[in-house]
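What follows is each chain in one-letter form.
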Amino acid sequence: MRTPGTVTLHARNAVALVFAVNGFAFATWVSRIPEARDALGLTPGQLGTLLIAGSVGAVLALPTTGMWVHRFGAARVVAAAAVIDALGLALAGAGAGAATVVWLTAVGLFLLGFGSGAWDVAMNVEGAAVEHELARTIMPRFHAAFSLGTVVGAGVGALAAWGGLSVAVHLVLSSVLVAVSAVVAVRWFLSRGVEEVAEEDAGGRRHPFRAWAEPRTLAIGLMVLAMALTEGVANDWLAVALVDGYDVAPWVGASGFALFVAAMTLGRVTGTGVLDRFGRVPVLWSCMALAAVGVLLVVLGDQPLVVAAGIVLWGVGASLGFPVGMSAAADDPEHAAARVSVVSTIGYTAFLAGPPVLGYLGDHVGVLHALLLVAVLLVPSALAVPAARERVRSRDVAGTPGRSAG
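The present account deals with the structure reproduced in this document. (Residues numbered from 1 in each chain as written. Predicted model: local features only at pLDDT ≥ 70, side-chain atom pairs only at ≥ 80, totals over all residues. Heavy atoms only, no water.)

Regarding the overall build of the protein chain
For step 1, the next point in the chain: On a plain count of helices and strands, the protein chain comes out with 16 helices and two strands.
For step 2, the next point in the chain: Out of the 406 residues in the protein chain, the part that is buried amounts to 57%.
For step 3, the next point in the chain: Accessible surface, the protein chain: about 15,300 Å² in total, of which carbon and sulfur atoms supply 69%. (Helix = DSSP H or I, 4+ residues; strand = E, 2+ residues; numbered from the N terminus. Buried < 20%, exposed > 50% of the residue type's maximum accessible area, 1.4 Å probe, protein only. Areas by Shrake-Rupley, 256 points an atom, 1.4 Å probe, with all protein chains shown as cover.)

Shown next, in the form of structure tokens:
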């Protein structure tokens, strides 16, 4: 196997940083949801409706991002998306903090979702390109960087809540850091320029939307949908569920979310070796089982240590679904942008449907017990896991027979 070049290693580090900053931006908002909810005076159902704004933004961005990456390259798309994401973070903070205006918060969440969705596809395409250059499984570690960013973002959010820092000030300051960090990092990406893509188009490259007709790509998308729901419900509702269901302080709820993302980070850091040893399918089935048990312990455990253990199992179980789905969609580098865009779009449907469904259930049975929906849906979704099985290609990046990286 060849030794990775300096350019590839710089690109690897840049992609990891971009993943981390994306996670930090997301967790910055999520960690302050309980206080934003209280400031805006929303019921669980109304909060679920508000959170749809972010999901709508993401779902609108995702189907076309593969085409943008195909035309402009991942670096430019990530930079533009990060600026939009940061603007949305600042507006959401202003609406839920200083101004307490619901519509302004909704606009901010829409932009936050739109920027995050486009950013997600582009950075995964770049991550897959680096993975193929290195000829080994590293995508979970990029997603571990995302999770590490969420740990930092959630930790900062918990400290800000504990210290009484306003939601508006916290989110506006964070938005500046997000935009600057991402724009600087993409300078070391591998992504091709517009001229090279145009040459490929002239040579007969197929239309990106053809990926929507591929059964394997759609099945991978369904698997990612289930795992995205498993992760997304915790992102949006875990802190609120702990505060409402166990009557704890907001900083405890934020800390519970921080524990969840810390467990996800651990699962993703260690997941590369586990995937290389056992393969995608058995690992994904095991993750689903861990997540289901974790949800049950969080909802029914009642005791702090049991609930904490459930959060850890839930986080580890949710850790590998999304990165493995991205790697599986990008097994063929030539069509990676289009397929990653399709799988991401299907997966993000969970973020569109999850908030309102959990919110409406929360109005009737309480947010804590509404989390049981995740454990129920994981059972049938296991049927889609075999679609992510590794594809064998004739020669690996180094020119020797081998399994596809990822």
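Re the side chain of N22
For step 1, the next point in the chain: Considering the arrangement of structural elements, one finds N22 in helix α1 (residues 6-30).
For step 2, the next point in the chain: We classify N22 as buried; its relative accessible area is 3%.
For step 3, the next point in the chain: Sequence-distant contacts of N22, that is, excluding residues within four places in its chain, are made with S116, W119, D120, M123 and F146. (Contact = heavy atoms within 4.5 Å.)

Section: the nonpolar core
A general feature of soluble globular proteins is that nonpolar side chains tend to end up buried together.
For step 1, the next point in the chain: Grouped together as the largest cluster of nonpolar side chains are 119 residues, with contacts concentrated most on W29, W119, F189, M223, F260, W314 and L371.
For step 2, the next point in the chain: Filtering out sequence-adjacent residues up to four positions away, F260 remains in contact with E231, A234, N235, L238, I311, W314, G315 and A318. (Core = buried A, V, L, I, M, F, W, Y, C linked by side-chain atoms within 4.5 Å.)

Some words on helix α11 (residues 280-300)
For step 1, the next point in the chain: Across its 21 residues, α11 extends 30 Å between first and last C-alpha, which sits within 8% of the 30 Å expected from 1.5 Å per residue.
For step 2, the next point in the chain: Turning to α11, its buried residues number three or more, namely R280, V281, V283, L284, C287, M288, A291, A292, G294, V295, V298 and V299.
For step 3, the next point in the chain: Where α11 is buried, its residues touch α9 (215-246), α10 (250-278), α12 (304-317), α13 (321-329), α15 (367-370) and α16 (372-381).
For step 4, the next point in the chain: Residue D302 follows α11 closely and has a positive phi angle near 70°. (Expected span 1.5 Å × (residues − 1).)

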